[in-house]
Every structure is written in structure tokens, then in C-alpha cells.
Amino acid sequence: LVSITQFLLMLMQPLFDHSELIRCREGTLFGNSTPKLPSPPLLAFDEIIEISSDGGKFGRGYAIARKRLSSMSWVFDSHFPEDPVMPGTMLIEGLLQLAGFFGAYAGERGKGRVARVDEVKFLAEVTPQDEEILYRIDVRKHNREQRLLLAEGRVVAGGTERATVGSLLLVV
């Protein structure tokens, strides 16, 4: 069973689809001197389904991205063949990529590199049976003068939090 929120998210059209994420990787979506995303297969999500520079938990913006796990068989085949589970580092990487994308969306110039990650909690495994994961960041602080973006994040699969990060600090 899925919650009403999950059902509504599934029905929503993406704000940024896969082709636009590739344009972000190339530097043609927001501009060449903005934070970029990695290339597939390391691109952590398929689409951005919500993003705003207002609102969210702290009123400074948020973003939600979705990844369908059907494209991740190469990960599950390796980690581990008899007991497939998504590596926790990949969950955190998805949150970092989403924070970098938010920086580009908000008009930042720079590379969008991680400076610090704190308060990481892995709450439950992500397996192929989960079918998709949602990444969410809520921006705590966005200081353009110092080129810093501070956010917290969480990864949800099947309506259950699987990982949380209390603090993602990026130099944007």
C-alpha cells in the first residue's frame, strides 16, 4: 500500500526530467559555470519532482528527486549478489547531488562541491523490491556571499525513511 502523499507524487509530472538533468551535467541547463551533475550511471536520480527556493522545513527552499531502482541492477548485482542492498554511500551521494542541483537552480556559480556531511543515520536497507527511492533536501541556510549551502536530507523508500543526514554543507 502507498500513502496518499506517495500516490500524488507518483502522479506528478517531473519539473526536471532526465534529459534536463543531462543538460545540467553538460552545463547547458543553468549555465556553464554552475554546479553540475555526474553522468549516468552515477547520476543518482531520474527526475526532480519538486523544487522551490521558498518553503520547505526551514522556509529557505527544498527539492525532491525520484530514482526508479529498475535501472540500478548493476549496483544490486555487485552489492551483494546473494543479498542485494543499495550502498549507504550512494544514498548520501544522491542527497549531495540534489543539494548541488538546488544550488544551480538557485543561480549559484561554482562547482557545488561537498565540504562536510554530519549526522548520518542509516535506518533501513534499500533493496530492489523497493522499486523507487525519493531524495529530499530542506535548505537550512543559503549564503550567497560566502557561497555556502547548508541543508538536511532524507531518503525514503516504500513510505519509510531509510537514511537521514542532519547537515549537508556544500560550497556552491
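The preceding data block contains the structure.
These numbers were taken from a predicted model, which means no experiment stands behind them. Numbers given for residues are sequential positions, taken from 1 along each chain in its written order. In view of the model being predicted, local features appear only for residues whose pLDDT reaches at least 70, and side-chain atom pairs are presented and counted only at 80 or more, with totals across whole chains, interfaces and linings using the full set of residues. Note that the side-chain values use all heavy atoms of the structure and ignore hydrogens as well as water.

### Section: helix H4 (residues 88-105)
In step 1: Runs of H or I in DSSP of at least four residues are treated as helices and runs of E of at least two as strands, each being numbered from the N terminus. A helix is expected to reach a length of 1.5 Å times the quantity of its residues less one. Between its first and last C-alpha atoms H4 spans 26 Å; for 18 residues at 1.5 Å apiece the expected length is 26 Å, and the two agree.
In step 2: Burial analysis of H4 places 13 of its 18 residues in the buried class, which makes it a mostly covered element. Any residue under 20% of the maximum accessible area for its type is buried, any over 50% is exposed, and the rest in between are partly exposed; the area is computed with a 1.4 Å probe on protein chains only.

### Comments concerning the sheet that holds strand E1 (residues 47-52)
In step 1: Taken in spatial order, the 6 strands of this open sheet run E1-E2-E4-E5-E6-E3, and their pairing is antiparallel. Unpaired on one side and paired on the other, E1 and strand E3 (113-122) mark the two borders of the sheet. Neighbour-to-neighbour, the strand axes of the sheet open up by a mean angle of 20°, direction not taken into account.
In step 2: Relative to strand E6 (residues 160-171), E3 runs antiparallel, the two sharing 8 bridges. In this description, strands pair whenever DSSP reports at least two bridges between them. Note on geometry: axes are lines fitted to C-alpha atoms, helical ones only across the stretch in contact, with angles between N-to-C directions running from 0 to 180 degrees.

### Focus on the packing of aromatic side chains
In step 1: Aromatic rings from Phe, Tyr and Trp, with only the six-membered ring used for Trp, were paired whenever their centres fell within 6.5 Å, and each pair was classed as stacked if the ring planes differed by under 30 degrees, edge-to-face if by over 60, and tilted otherwise. Taken as a whole and assessed by the stated rule, the structure comprises 7 aromatic pairs.
In step 2: Judged by centre distance (5.1 Å) and plane angle (75°), the ring pair of Phe16 and Phe101 falls under edge-to-face. Here Phe16, found in the loop between helix H1 (4-11) and helix H2 (18-26), pairs with Phe101, found in helix H4; they are 85 residues apart in sequence, far enough to count as distant.
In step 3: Looking at Phe16, the relative accessible area reads 12%, which means it is buried.
In step 4: Members of the aromatic cluster, connected to one another through ring pairs, are Phe16, Phe30, Phe101, Phe102 and Tyr105.

No statement about biological role is implied by the geometric values presented.
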